[in-house]
Structure formats: structure tokens, C-alpha cells
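Each chain, written out:
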Amino acid sequence: MKKIILLLTFVICAFSHELLVNEKISNFSLANQFDEKKTIDENITTIIVSFEKGTGKEVNEFLAQKDSNFLKEHNAIFIANISGMPMFITKMFALPKMKNYKHEILLIYDEKDDRFKAKDGMSTLYRLKNGVIKSIEFISKDDLEKVFL
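No experiment lies behind these values; they were computed from the predicted model shown.

Trainee: Lay out empty space enclosed by the protein in plain terms, naming residues and giving numbers.
Mentor: The final tally for this structure, using the stated rule, is one cavity of 30 Å³ or more. Taken together, T55, E58, V59, M122, S123, I139, S140, K141 and L144 make up the full set of residues lining the largest cavity. Ranked by residues supplied to the lining of the largest cavity, first place goes to helix α2 (residues 53–64) with three residues.

Take a look at the structure:
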């Protein structure tokens, strides 16, 4: 089952393109840290994407201070792009650690998945309304609290 979900994720990513402001996102799916497929649809209003270990740690620390339903209550998702991490490290260290978090982390395994913009040392914030991207910003850990006001 895990291989099917992973294969499905890779196929979806292969047909992806960079998401832009005023563009309607098509529903897409990613696996979470428990290898469960989750679909992102028009109900999501906030997407935070991390591309680096440091920024991912910052978002995880922020979310660890919140209730386990925090993301769901805010129609938000957190995505970590771990495509640059060697699979051995992912399986032996990263995923076991991620499974201890009370919040869900959606994972990008495919380095060819280029739909999300990245900036060194920053996480990317997508604001959506009815499935349409209204803004794209680069944020630091100091901005995380303001994201959900």
C-alpha cells in the first residue's frame, strides 16, 4: 500500500507546475508522515511549505505549541519538501521523529515537484480563497503567529 501511495504521489508531482497568484489550484494529494494520502482541495485557505531542515524545524516548533487540531481549525496545511534528503536518512531518522508530532506534515519526496516557490532561509506561505491563490509570501519563524491572526 505504501508503494502505491508513493507512486501516486510521484505521478501527480510529475504533472505539476509552479503555482501562481490568481491561479486555481487543482486538487492534489500528498502523503503525510504516516504514509496516508491526503488531498488538498478548495477548502484549504493557508499552505505553509518548508524546503530546508531549519525552516521545517521552526514551523514544527511553532505547531508543537498549538492544539493538535490547530491546522484543521484554520483550514491550513504544512508541507515539508524532503526530496533532497537521502531516503535512508528519511526512513531511519526523519520519519520516526515526524511521527511524534501531534500535527500533520504532508511530504514532498520528488525533487522534480516544482509547484511551490522557495527562498533560502524562508518558508513559503500561500493564501487561498475558494481554491484560488490570493498571495504568495516568504516568511520566517517570527511571522508564523501573524499568519493565523
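Next, the rest of the story.
Trainee: Would you mind going over the nonpolar core in detail, with residue names and values included?
Mentor: Within soluble globular proteins, side chains that are nonpolar tend to cluster in buried spots. By size, the foremost hydrophobic cluster in this structure holds 21 residues, and its most contacted members are I48, L63, F78, M98, L107 and F148. Counting residues per element, the ones that place at least two in this core are α2, α3 (70–73), β4 (76–81), α4 (87–98) and α5 (144–147). Beyond its immediate chain neighbours, meaning those up to four positions away, F148 contacts T46, I48, F62, F70, L71, H74 and A76. In this structure, I40, I108, L128 and I133 belong to the second largest nonpolar core, which totals 17 residues.

Trainee: Pulling in residues and values, what's your account of the sheet that holds strand β3 (residues 46–50)?
Mentor: On the basis of which strands lie adjacent, the open sheet formed by seven strands has the order β2-β1-β5-β4-β3-β6-β7 and mixed pairing. If you trace the sheet from one side to the other, it starts and ends with β2 (37–40) and β7 (132–139), each paired once. Averaged over all pairs of adjacent strands, the angle between their axes in this sheet comes to 35°, without regard to strand direction. Two elements, β3 and strand β6 (residues 123–129), share four bridges in a ladder whose sense is antiparallel. Across the sheet, I48 pairs through a bridge with L125, a residue of β6. Where α2 meets the sheet, it contacts β3, β4 and β6, and its direction lies at approximately 150° from that of β4.

Trainee: How would you sum up a nonpolar patch on the surface? Please name residues and give values.
Mentor: A cluster of nonpolar side chains, namely F88, I89, M92 and F93, defines an oily patch on the protein surface of about 430 Å² accessible area. As for its placement among the helices and strands, I89 is situated in helix α4.

Trainee: Any details on α4? Residues and values, ideally.
Mentor: In a regular helix each residue adds 1.5 Å, so twelve residues correspond to 16 Å; α4 covers only 15 Å between its end C-alpha atoms and thus falls short of that length. Where the residues of α4 are buried, they touch β5 (106–108).

Trainee: Report on the pairing of strand β1 (residues 28–32), specifying residues and quantitative values.
Mentor: Judged by how many residues are buried, β1 sits mostly within the fold: five of five residues are covered. Here β1 pairs with β2 via four bridges, running antiparallel. Bridge assignment links A31 to a residue of β2, and that residue is K37. In sequence, β1 turns back onto β2 through a hairpin of four residues, with D35 there showing a positive phi of about 65°.

Trainee: Before we move on, could you go through the pattern of salt bridges and cite the residues and values that matter?
Mentor: Going through the model one piece at a time under the given rule, you end up with five salt bridges. Across the salt bridge formed by D113 and R115, the nearest N and O atoms sit 2.8 Å from each other. By relative accessible area, D113 is classed as buried at 6%.

Trainee: Hey, could you go over unusual backbone geometry for me, with residue numbers and the actual values?
Mentor: Where the residue is not glycine, phi is negative for most of them; where a peptide bond is considered, it is trans in most cases. A positive phi angle is found at N22, which is not glycine, with a value near 70°. Examined against the element boundaries, N22 turns out to sit in the loop between α1 (2–14) and β1. Exposure remark for N22: the relative accessible area of 61% places this residue in the exposed category. Non-glycine residue N75 carries a positive phi angle of around 50°. Structurally, N75 is set in the loop between α3 and β4.

How each quantity is defined
Residues numbered from 1 in each chain as written. Predicted model: local features only at pLDDT ≥ 70, side-chain atom pairs only at ≥ 80, totals over all residues. Heavy atoms only, no water. 1 Å grid on protein atoms, 1.4 Å probe; cavity = no way out; pocket = protein on both sides within 12 Å on 5 of 7 lines; lining within 4 Å. Points joined across faces, edges and corners; volume = space filled by probe spheres on them. Helix = DSSP H or I, 4+ residues; strand = E, 2+ residues; numbered from the N terminus. Core = buried A, V, L, I, M, F, W, Y, C linked by side-chain atoms within 4.5 Å. Buried < 20%, exposed > 50% of the residue type's maximum accessible area, 1.4 Å probe, protein only. Contact = heavy atoms within 4.5 Å. Pairing = 2+ DSSP bridges. Axes fitted to C-alpha atoms, helices over the stretch in contact; angles between N-to-C directions. Patch = residues over 30% accessible without salt bridge, like charges linked within 9 Å, V, L, I, M, F, W, Y side chains within 5 Å. Areas by Shrake-Rupley, 256 points an atom, 1.4 Å probe, with all protein chains shown as cover. Salt bridge = Lys/Arg side-chain N within 4 Å of Asp/Glu carboxyl O. Expected span 1.5 Å × (residues − 1).

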